Amino acid sequence: MTTATWTSSGHLLGLEGLTRDDLLLLLDEAEACLPVLRGDMPARTDLAGRVVANLFLENSTRTRVSFSVAARRLGGQVVDLLGSSSSASKGESLVDTATNIAAMGVDGIVVRCGASGGAALVSEHVDVPVINAGDGRHEHPTQGLLDLMTLRQHFGGTLEGRTIAIVGDIASSRVARSNLWSLTAVGADVVLVGPESLLPADFGSFIPSGSGRGSVTISHDLDAVLDSVDAMMMLRIQFERHDGDGIPDDYRQRFGLDAARAARLGVGVPVLHPGPINRGLELSAEVADGPRSLVLRQVTNGVAVRMAVLAGLLASDG
Ligand code: CP
């Protein structure tokens, strides 16, 4: 089996630890997959004869389907195991579930789970590549990669010195954490924006400074940053992780991106959202579907990124 240069472990468990060069190489490989998705190049055969198991113990639309599409575009086969229809619903543990799937001879496992660190735990118990498709509040590495790819396309090159706002439920967000690692690694500056209850002050020191990394700053005032950012990444309010607490009653008024606020952004400043969108809360329908929105481009890029990751980790040497 090939070993991609961007992983020393043979897994993709997070973007923490990936260098600028690792990330840019992955994006280049993902860009090379786009013509296959568009039908401009024939389907690839990197995963011919290989079986990928999607082990999704939390719900998903984009990530699960795009891993499936990606594996098939590479000539592989996919089996799906969902929490609701698996023996996890009878109390079987994540590790027991994963080791049983591995014992069936699959060639790689894509894991989504509610436990932070769950994908790393699985990787310690199976002898096939593990890809983290979102584990609790820890990381969502392929989302971070597709966001980086989308921003790089938009800016037509380097993100160094660009200021990216990540807005919303930062505390709950594995997307924010993966983006913090990747954006700062390529030299972008990140401003985290949200209410105190969803954006603890220690996020300002989440990323170690230095070694060419971009900076991380915190703001609790969205209106104060609108005219100084190069891109807006809006996050979903994750009601399922809050039990109703921590979300201010006036969240939409203070932190929602509607048409009036979007009009105050600089010319061409794009709006991203990982989905699913709470329309009318963190993002208005007008902005989500408007000319600044890169939401569906993110989704398309997600397939390309997942092709690059699957090919890097699971392809045979041919
Ligand atoms: N962005 C994202 O992870 O979406 P899904 O939960 O639908 O996979």
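Look a little higher up for the structure.
The present account deals with the structure reproduced in this document. Nothing here was measured: the structure is a model prediction, and the numbers come from that model. (Residues numbered from 1 in each chain as written. Predicted model: local features only at pLDDT ≥ 70, side-chain atom pairs only at ≥ 80, totals over all residues. Heavy atoms only, no water.)

## Describing the sheet that holds strand 2 (residues 77–82)
Here we have 4 strands laid out as an open sheet, ordered 2-1-3-4, and parallel in their pairing. Each edge of the open sheet is held by one strand with a lone partner, namely strand 2 and strand 4 (130–135). When strand polarity is set aside, the average angle formed by the axes of neighbouring strands in this sheet is 15 degrees. Here strand 1 (residues 51–56) pairs with strand 3 (residues 108–113) via 5 bridges, running parallel. From the neighbouring strand, Phe56 faces strand 3, where its bridge partner is Arg112. Packing of helix 11 (residues 295–314) onto the sheet brings it into contact with strand 1, strand 3 and strand 4, and relative to strand 4 it is tilted by some 145 degrees. (Pairing = 2+ DSSP bridges. Helix = DSSP H or I, 4+ residues; strand = E, 2+ residues; numbered from the N terminus. Axes fitted to C-alpha atoms, helices over the stretch in contact; angles between N-to-C directions. Contact = heavy atoms within 4.5 Å.)

## Overview of the packing of helix 5 (residues 141–155) against helix 6 (residues 174–185)
Two elements in contact, helix 5 and helix 6, have axes separated by 8 Å at closest approach and are oriented at 55 degrees. The orientation of helix 5 with respect to helix 6, classified from their angle, is oblique. Read as a crossing pair, helix 5 and helix 6 show a hand that is right-handed. Of the residues in helix 6, those touching helix 5 at Pro141, Gln143, Gly144, Asp147, Leu148 and Leu151 are Val175, Ser178, Asn179, Ser182 and Leu183. (Parallel < 35°, antiparallel > 145°, perpendicular 65-115°, else oblique. Left-handed = near helix turned anticlockwise from the far one by under 90°.)

## So, the nonpolar core
Counting residues in hydrophobic clusters, the biggest one holds 63 residues, and the most contacted among them are Leu151, Ile166, Leu183, Leu192, Val309 and Leu310. Ranked by the residues each element gives to this core, the list is headed by helix 11, at 10 residues. Discounting residues that sit within four places of it in the chain, Val309 has contacts with Trp6, Leu12, Leu26, Ile131, Thr142 and Leu145. Residues Val193, Leu198, Phe255 and Leu265 belong to the second largest nonpolar core, which totals 24 residues. (Core = buried A, V, L, I, M, F, W, Y, C linked by side-chain atoms within 4.5 Å. Buried < 20%, exposed > 50% of the residue type's maximum accessible area, 1.4 Å probe, protein only.)

## Some details on unusual backbone geometry
Residue Gly275 is joined to Pro276 through a cis peptide bond whose omega torsion reads -10 degrees. Along the polypeptide, Pro276 turns up in the loop between strand 9 (271–272) and helix 10 (285–288).

## Regarding the sheet that holds strand 5 (residues 163–167)
Reading across from one edge, 7-6-5-8-9 is the order of the 5 strands in this open sheet, with parallel pairing throughout. The sheet is open, and its two borders are formed by strand 7 (216–219) and strand 9, each paired with just one other strand. As paired elements, strand 5 and strand 6 (residues 189–193) share 5 bridges and run parallel to each other. Opposite Val167, over in strand 6, you have Val193 as the bridge partner.

## Looking at helix 3 (residues 94–103)
Here helix 3 has its buried residues at Leu94, Val95, Thr97, Ala98, Ile101 and Ala102. Down the axis, helix 3 shows its buried residues gathered within 160 degrees of arc, on one side only. Elements in contact with the buried residues of helix 3: strand 1, strand 2, strand 3 and helix 4 (118–123). Downstream of helix 3 by a residue or two, Gly105 has a phi angle that is positive, lying close to 90 degrees. (Arc of directions from axis to C-beta.)

## Here's the deal with the pairing of strand 6
Burial within strand 6 is extensive, with 4 of its 5 residues counted as buried. In this region the chain leaves strand 5, passes through helix 6 and returns to the parallel neighbour strand 6; the handedness of that crossover is right-handed. Bridge count for strand 6 against strand 7 is 4 bridges, and the pairing is parallel. Among the inter-strand pairings, Val191 is bridged to a residue of strand 7, identified as Thr217. (Right-handed = clockwise from strand over helix to strand, strands pointing away.)

Fair warning: the whole summary comes from geometry, so function is off the table for now.
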